[in-house]
Amino acid sequence: MPANTVTDSESDDEPEHESALETARRQLREAATHVDVDPGVIERLKHPTRVVEVAVPLKRDDGSVEVFTGYRAQHDDVRGPYKGGLRYHPDVSSQECVGLAMWMTWKCAVMDIPYGGAKGGIIVNPKELSTDEKERLTRRFAEEIRDEVGPNQDIPAPDMGTDAKTMAWFMDAYSMQEGETIPGVVTGKPPVIGGSYGREEAPGRSVAIIAREAIDYYDNDIRDTTVAIQGYGSVGANAARLLDEWGADVVAVSDVNGGIYDTSGLDTQSVPSHKEEPEGVMSQEAPNTVTNEELLELDVDVLIPAAIGNVITIDNADDIKADIVVEGANGPTTSGADSILDERDIPVVPDILANAGGVTVSYFEWLQDINRRKWSKERVQNELESEIMSAWDNVKAEVEASDTSWRDAAYIVALNRIGAAKEARGLWP
Ligand code: NAD
């Protein structure tokens, strides 16, 4: 699809249920008002470089053939190869891929990782496929988008509905066709074929590091801090356990069925994460249970929404009692809610900074792959800490210099880096 056929609402209204693309473009417009970047650069960033749509035929286990639609949206690569997940979900669309690809551009730029943004996926419900069908679908998809991807071109990763196994199939299919083993074509692989130690825990680890720094920045002691976390999956459980280890009281956690609440602090190790026992949170003994809605409104020091998007809205933003919100999930706060929290002086540390540990360790994985070197888990964790702290310091400096919100500051840092790279490279031809 040509870039200029992507529709865009240029309205400054802030609808509560805007699409990922509308959100990404609105955030670009808002950030653009704060930076001294050429309007031509901003105009270019409103559009993806390309969106590839492919038909992915699959022979089902019963011998019938079904054709699925797949996409790869590449937003911008001025700072390095495109990078972003592959999603298998019934709601995947080209516009959603473009919006999510734009977020990846900002996320890589705020982290100062030499990548641009991409996102892709297939419109499919992976729960309705057998493992063999998922493998065949993935291999054929890899072949259909083979010209678009590559370790120096575009590097996919797991996302909703895909995992390390999916990346192993993708890497194998790509490598077979290219005639050599190329682990750097995807990240999020099993360590035995070039995946990185510490990749799985990385987004939760970065959320915990950012929460720890935010707690300190607002003059609180982590050992006197209470935390509520919505979603006890890869992001939520890893963040919870680290914060617990560092002395915080994680008083409430939840999964899709609801949450448990103990004012004296939960034993986060004994509550099963989504990976350990899906939907196992409510089976744990605790003095109180809460709904997911109630959890968001608990009187805690730090709230970490780490499950899904659009959970803090204009309907509950006035009832949030936390002193700090750290976004673990992608897009948990709607724009309307963001304004209300801002007026109420409740800082919201944005997703593109807080959960960027995932893409950061993906970058480490790629470095290990292209250099044919393996890093220890300790090295991964040390380098992650250093990258996250550097991004935190950059965004904090912008918050203080511009007297702006954490979200605006993160976008300003990202946009300045992208703008400077575009200016240095110029427009070809
Ligand atoms: P996950 O599948 O490991 O866990 C999700 C958790 O949220 C589970 O406990 C699930 O029960 C719960 N949940 C699902 N729907 C819910 C609902 N409606 N209300 C409350 N809880 C619900 O997922 P994850 O990898 O931890 O991802 C969580 C969020 O973080 C997503 O927004 C994801 O896009 C984002 N994220 C993930 C990564 C990553 O690499 N894992 C990186 C960056 C951002």
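Residues numbered from 1 in each chain as written. Predicted model: local features only at pLDDT ≥ 70, side-chain atom pairs only at ≥ 80, totals over all residues. Heavy atoms only, no water.

(A) Representation of the packing of aromatic side chains in the model. Here the structure, examined in full by the defined rule, presents 10 aromatic pairs. Taking the centre distance of 6.1 Å and the plane angle of 45 degrees together, the rings of Y363 and F364 count as tilted. Among the residues examined, Y363 registers a relative accessible area of 16% and is labelled buried. Relative accessible area serves as the criterion here: at 1%, F364 is assigned to the buried category. Each residue in the set Y115, Y363, F364, W366 and W375 is aromatic and connected to the rest through ring pairs, giving one cluster. Lying over the aromatic face of W246, R212 brings its terminal NZ or CZ to 4.9 Å of the ring centre. We note K374 situated over the ring of Y197; from NZ or CZ to the ring centre the distance is 5.0 Å. (Phe/Tyr/Trp six-rings, centres within 6.5 Å; stacked < 30°, edge-to-face > 60°. Buried < 20%, exposed > 50% of the residue type's maximum accessible area, 1.4 Å probe, protein only. Lys NZ or Arg CZ within 6 Å of the ring centre and 35° of its normal.)

(B) Molecular detail of the site of the ligand. Around the ligand sit 18 residues in total, of which Y232, G233, S234, V235 and V256 are the nearest. For the ligand, an oxygen atom lies 3.0 Å from a polar atom in the backbone of Y232. For the shell around the ligand, the per-class residue count stands at eight nonpolar, eight polar and two charged. (Near = heavy atom within 4 Å. Polar contact = N/O pair within 3.5 Å; in protein donor to acceptor, adjacent residues only side chain to side chain. Nonpolar A, V, L, I, M, F, W, Y, C, P; charged D, E, K, R; others polar.)

(C) Examining helix α7 (residues 234–245) more closely. Here α7 spans 17 Å end to end across 12 residues, near enough to the 16 Å set by a 1.5 Å rise per residue. For α7, every residue scored as buried is listed here: V235, G236, A237, A239, A240, R241, L242 and L243. Check the buried side of α7 and you find it contacts α6 (202–217), β6 (226–230), β7 (249–255) and β10 (302–305). Taken from the residues just after α7, G247 is the one with a positive phi, measuring 110 degrees. (Helix = DSSP H or I, 4+ residues; strand = E, 2+ residues; numbered from the N terminus. Expected span 1.5 Å × (residues − 1). Contact = heavy atoms within 4.5 Å.)

(D) Here's a closer look at helix α11 (residues 357–371). A rise of 1.5 Å per residue sets the reference length of α11, with its 15 residues, at 21 Å; its end C-alpha atoms lie 21 Å apart and thus fit the reference within 8%. Counting buried positions along α11 yields 12 of 15 residues, so the element is predominantly enclosed. Turning to α11, the residues buried within the fold contact β3 (82–89), α3 (94–110), β5 (154–158), α6 and α12 (377–402). Positive backbone phi, approximately 55 degrees, marks R372, located one or two places after α11.

(E) Region of the structure containing the domain arrangement of the chain. Each assigned domain of the chain is listed with its residue range as follows: domain 1 (17–181) and domain 2 (202–354). Domain 1 puts six residues into the contact, and the matching count from domain 2 is five residues. Both faces combined, the contact of domain 1 with domain 2 buries some 620 Å², and carbon together with sulfur accounts for 65% of it. Counting the surface domain 1 buries against domain 2, the share from its top three residues, W103, K107 and V110, is 57%. Inspection of the domain 1/domain 2 interface yields zero salt bridges. The greatest single-element share of the side of domain 1 that touches domain 2, amounting to four residues, is contributed by α3. Its residues assigned to classes, the side of domain 1 that touches domain 2 comprises three nonpolar, no polar and three charged. (Domains from an automatic or database assignment. Buried area = accessible area lost by both parts, 1.4 Å probe. Salt bridge = Lys/Arg side-chain N within 4 Å of Asp/Glu carboxyl O.)

(F) Region of interest: the environment of K127. Along the chain, K127 falls in the loop between β4 (116–123) and α4 (131–144). Between the C-alpha atoms of K127 and T404, which are 277 residues apart in sequence, the distance is 43 Å.

(G) View of the packing of α6 against α12. Taken N-terminus to C-terminus, the directions of α6 and α12 make an angle of 45 degrees; their axes are 10 Å apart at the nearest point. It follows from the interaxial angle that α6 and α12 lie oblique. Along this stretch, α6 crosses α12, giving a crossing that reads as right-handed. Along the contact surface, α6 presents A202, R205, S206, I209, I210, R212, E213, A214 and Y217, while α12 presents Q381, L384, E385, I388, M389, W392, K396 and E400. Grouping the constituent residues of the contact of α6 with α12 by class yields nine nonpolar, two polar and six charged. (Axes fitted to C-alpha atoms, helices over the stretch in contact; angles between N-to-C directions. Parallel < 35°, antiparallel > 145°, perpendicular 65-115°, else oblique. Left-handed = near helix turned anticlockwise from the far one by under 90°.)

(H) Highlighting the sheet that holds β6. Here we have seven strands laid out as an open sheet, ordered β9-β8-β7-β6-β10-β11-β12, and mixed in their pairing. The sheet is open, and its two edges are formed by β9 (288–290) and β12 (348–349), each paired on a single side. Bridge analysis of strand β8 (residues 258–261) against β9 gives three bridges, and the strand direction is antiparallel. Across the sheet, Y261 pairs through a bridge with N288, a residue of β9. With respect to the sheet, α6 is in contact with β10, β11 (324–326) and β12, its orientation differing from that of β11 by roughly 160 degrees. (Pairing = 2+ DSSP bridges.)

(I) Broad picture of the nonpolar core. Residues W106, V253, I304, V326 and V395 are the most contacted members of the largest nonpolar core, which totals 89 residues. When residues of this core are assigned to domains, at least three fall in each of domain 1 (17–181) and domain 2 (202–354). Apart from residues no more than four positions distant in its own chain, V395 is found in contact with V110, L353, W406, A409, A410 and V413. By size, the runner-up hydrophobic cluster in this structure holds 23 residues, among which are V56, L129, Y174 and V185. (Core = buried A, V, L, I, M, F, W, Y, C linked by side-chain atoms within 4.5 Å.)

(J) Expanded view of the pairing of β6. In terms of burial, β6 is largely enclosed, as five of its five residues are buried. Burial of the side chains of β6 extends over both faces: T226, A228 and Q230 are buried on one face and V227 and I229 on the other. Bridging between β6 and β7 involves five bridges; their strand directions are parallel. Counterpart to A228 in the pairing with β7 is A252. Viewed along the sheet, the connection from β6 through α7 into β7 turns out right-handed. Relative to β10, β6 runs parallel, the two being bridged by four bridges. Within β10, the residue paired with A228 across the bridge is L303. (Right-handed = clockwise from strand over helix to strand, strands pointing away.)

(K) Summary view of the pattern of salt bridges. Scanning the entire structure with this criterion turns up 29 salt bridges. Within the structure, one salt-bridge network assembled from shared partners comprises R87, E96, K119 and D159.

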